[in-house]
Amino acid sequence: MDNQKLAQLLFPAITGTPEDLQRQFPPRDLPEGAKVTRMGPSPTGFIHLGNLYGAFVDERMAHLSGGTFYLRIEDTDDKRYVEGAVETITSSLAFFGIGFDEGACSDGAYGPYFQSQRAEIYQTFVKDLVRRGLAYPCFLTEEDLARIRAEQEANKETTGIYGRYAEKSRSLTLEEIEDNLRQGKSYVIRLRSSGNTEPDGSVRYIHVKDAIRGDVSMPANDQDVVILKATGIPTYHFAHVVDDYLMRTTHVVRGEEWLMSLPIHIELFEKLGLEPPVYCHTAVLMKLDEETGNKRKLSKRKDPELSLDYYRSEGYHPQAVKEYLMTILNSDFEEWRAANPETPLEDFPFSTEKMNSAGALFDLNKLNDISKDVLLGIPARELAGFLTDWAALARPELVPLFTDADTGYGPDYLTKILDLGRSGNKPRKDLIYGRQIFDFIGYFFDEYFRVEETIPENVSDEDAREILRRYLDTYDHSDDQGQWFDKIRAIAVDMGYAAKPKDYKKHPEDYKGHVGHVSTVIRLAVMGRTQSPDVWEIQQILGEDRTKARLRALLV
RNA sequence: GGUCCUAUGGUCAAGCGGUUAAGACACCGCCCUUUCACGGCGGUAACCCGGGUUCGAUUCCCGGUAGGAUCACCA
């Protein structure tokens, strides 16, 4: 077989060579040790927590080393394309403070960054492979493939085109190929694999140093995998090898679902004579399945928390999600964070070697706990803005209350609410995420104020009314916190409640209850609930009119 | 089924041949306290099983078991 002729027959339009391309995209001019990473999403527009997890690793590796992080759209499967996907991807990541240095979003010197626009580049490499006898056209139809598969399954053999199953296509003569081409038969280009059998008949293994998993070894590839689809567009495997080489990627971060195709990629790099990057195969994010009690991969359909939109619509602060992700990524991050509460996340010495190769369970509790601390570190004014942004997305009807002082509320009001109890050396950590925050502070807005709990058991209805009446009678909005509470204490004592809970605990028979029960009644009247931050401070925020109105409402 | 990965409390995890087996979240109790939260103190709770190697295995090796991943002209 004249491979030179075959190559020319198959790719008459390709005139360049791999060497030309290598010259066209020379090694990047970066400092020693700088890492070049990339994110390669398919443009379905759906971007989930797993993507963010990976992108975060990419971004940290690149930027911690003074390298480059770029975006490449892997749209070799035209069926998947969704309009506006690039915008969705970049804006989703931007929300979490992850930005690309170059790529599909902003261009750069190593493009094009859409695989669909790189057909000529791939074909240049394929043509070279054909020319060297390392790849060949295959005219097997879907039916042929199905038949082979059925036979293999019946024989309990590995499925695929390899060994003797590849022979027919591999041994096609130039004339047969020409003939097929003339008939307009559809074909793919397959790699002519060297197989994985040693001369002595044993299986040959590949050994790869994975930056997360350490030494990994598995049987070398023996499949004549498809490298160029009938459309002339490469499969993922081939595109990965060509692109990551030409774009001078130093570290490929991808999910462990790719681990099994590593032998293919290694063989492809070998045949192409190119240096493979360092691989970093990340663990899959897991979740405990309620039904089976087993760990399972987070699923797009069953688990809303996989979607990044979930965090946006729930109102999680991006920083909280990031910090949570970092605790999963590098477990010593929590310790570091405790020692460096003020230091930006970017200063943490992240490393792939500290990553765990087992799949971590997604832990919402932990995220919430981290979120409390993160929100505490954000000034109330800024938090008000964040909450307003969240409301615009998830609860648009709240936006006027947060932004418009004419509603009787507005941004200053909201800021005061959010800052409640956060000063001092033992600040409250009530705020977790948007939806939860509004549940927590809703009573500050008359439209959402509702008395939803009942008075303590040991306070009679008559006493409750009496407490409120006396409280309203003596209410002076300018009282300081001490004066204010003295009045409550006076009401309590006067009505037969202990001034101190301890007195009541010691001699419960002497009292109806204690001052805490009395203030609970007030709390219920003003806040609509029995649990809340300091009543006096809340009243100061509510203002005199609103406070009194709520008290009166219960007395009529 | 083949191949590969993984295996420490409910969860995330330190550990890397000799430890009273860290820590964090969650949970429980106590203290602080007008409620709640915060904070402080304390507590329950773990090395998958079986063989080796070794004076000694959570740690190393082999086997099992379990869970996960993957076996496309999808990425």
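Conventions adopted
- Residues numbered from 1 in each chain as written.
- Chains lettered and ligands numbered in written order.
- Predicted model: local features only at pLDDT ≥ 70, side-chain atom pairs only at ≥ 80, totals over all residues.
- Heavy atoms only, no water.
- Helix = DSSP H or I, 4+ residues; strand = E, 2+ residues; numbered from the N terminus.
- Rg over C-alpha atoms; globule rule 2.2 N^0.38 Å.
- Buried < 20%, exposed > 50% of the residue type's maximum accessible area, 1.4 Å probe, protein only.
- Contact = heavy atoms within 4.5 Å.
- Areas by Shrake-Rupley, 256 points an atom, 1.4 Å probe, with all protein chains shown as cover.
- Phe/Tyr/Trp six-rings, centres within 6.5 Å; stacked < 30°, edge-to-face > 60°.
- Core = buried A, V, L, I, M, F, W, Y, C linked by side-chain atoms within 4.5 Å.
- Near = heavy atom within 4 Å.
- Polar contact = N/O pair within 3.5 Å; in protein donor to acceptor, adjacent residues only side chain to side chain.
- Axes fitted to C-alpha atoms, helices over the stretch in contact; angles between N-to-C directions.
- Parallel < 35°, antiparallel > 145°, perpendicular 65-115°, else oblique.
- Left-handed = near helix turned anticlockwise from the far one by under 90°.
- Nonpolar A, V, L, I, M, F, W, Y, C, P; charged D, E, K, R; others polar.
- Domains from an automatic or database assignment.
- Buried area = accessible area lost by both parts, 1.4 Å probe.
- Salt bridge = Lys/Arg side-chain N within 4 Å of Asp/Glu carboxyl O.

(A) Structural view of the overall build of chain A. Looking only at helices and strands, one finds 24 helices and 14 strands in chain A. For chain A, whose C-alpha radius of gyration is 33 Å, the value lies well above the compact-globule estimate of 24 Å for 556 residues. Its C-alpha atoms put chain A at 110 × 50 × 45 Å along the principal axes. Across the 556 residues of chain A, 51% fall into the buried class. A separation of at least 24 residues holds for 73% of the contacts in chain A among residues at least 6 apart in sequence. Element-wise, carbon and sulfur atoms account for 49% of the exposed surface of chain A, whose accessible area totals about 26600 Å².

(B) Representation of the packing of aromatic side chains. Here the structure, examined in full by the defined rule, presents 26 aromatic pairs. A ring pair is formed by F333 and F348, whose centres lie 5.1 Å apart and whose planes are at 80 degrees; its orientation type is edge-to-face. With a gap of 15 residues between them, F333 in helix α13 (residues 333-339) and F348 in the loop between α13 and α14 (364-376) connect regions that are remote in the sequence. Grouping residues by exposure puts F333 and F348 together as buried. Here the aromatic rings of Y409 and Y413 are separated by 5.2 Å at their centres, their planes lie at 45 degrees, and the arrangement is tilted. Taken as a pair, Y409 and Y413 share a single burial class, namely buried. Grouped by ring-pair contacts, the aromatic residues F402, Y409, Y413, F438, Y443, F444, F445 and Y448 constitute a single cluster.

(C) Expanded view of the side chain of T327. Checked against the element boundaries, T327 lands in helix α12 (residues 318-329). With a relative accessible area of 10%, T327 lands in the buried category. Other than its neighbours up to four places away in sequence, T327 contacts F333, E334 and I370.

(D) Spatial organisation of the nonpolar core. In this structure, L49, I227, F238, L418, I441, F444 and F445 are the most contacted members of the largest nonpolar core, which totals 152 residues. By residue number, the principal contributor to this core is helix α3 (residues 49-64), which donates 8 residues. Beyond its immediate sequence surroundings of up to four residues, L49 is in contact with L285, E305, L306, L308, Y311, V321, L325 and F362. Judged by nonpolar contacts, the second largest core, of 9 residues, contains L140, I148, I161 and Y162.

(E) Region of the structure containing the protein's contact with RNA strand B. For RNA strand B, the set of nearby residues contains 57 residues, the closest of which are T76, R149, K229, R428 and S532. Among the atoms of RNA strand B close to the protein, meaning within 4 Å, 70% are from sugar or phosphate groups. Contacts to RNA strand B include T159, whose side-chain N or O atom sits 3.4 Å from a sugar or linking oxygen. Between a sugar or linking oxygen of RNA strand B and a side-chain N or O atom of D430, the distance comes to 2.8 Å. Breaking the surface near RNA strand B down by element, the ones donating at least two residues are β7 (214-219), β12 (295-297), α14, α20 (481-494), α21 (501-506) and α22 (515-527).

(F) Spotlight on the packing of α20 against α22. At their nearest, the axes of α20 and α22 sit 9 Å apart, and the two run at 110 degrees to each other. In terms of orientation, α20 lies roughly perpendicular with respect to α22. α20 and α22 meet at a crossing whose hand is right-handed. Contacts from F485, I488, R489 and A492 of α20 reach α22 at V515, V518 and I522. Taken together, the residues that form the contact of α20 with α22 break down as 6 nonpolar, no polar and 1 charged.

(G) Looking closely at the domain arrangement of chain A. Under the domain assignment, chain A is made up of domain 1 (294-351 + 362-376), domain 2 (380-448) and domain 3 (461-555). Each of domain 1 and domain 2 has a C-alpha centre, and these two points are 22 Å apart. With 13 residues of domain 1 in contact, the opposing surface of domain 2 contributes 15 residues. Both sides of the domain 1 and domain 2 interface together cover about 1300 Å² of buried area, and 61% of this is carbon and sulfur. Contact with domain 2 buries surface across domain 1, with E314, L375 and L376 losing the most and accounting together for 42% of the total. Between E314 and R435 there is a salt bridge whose closest N-O contact spans 2.8 Å. There are 8 residue pairs in polar contact (both at pLDDT 80 or more) connecting domain 1 and domain 2. Here the side of domain 1 that touches domain 2 is composed, by residue class, of 4 nonpolar, 5 polar and 4 charged.

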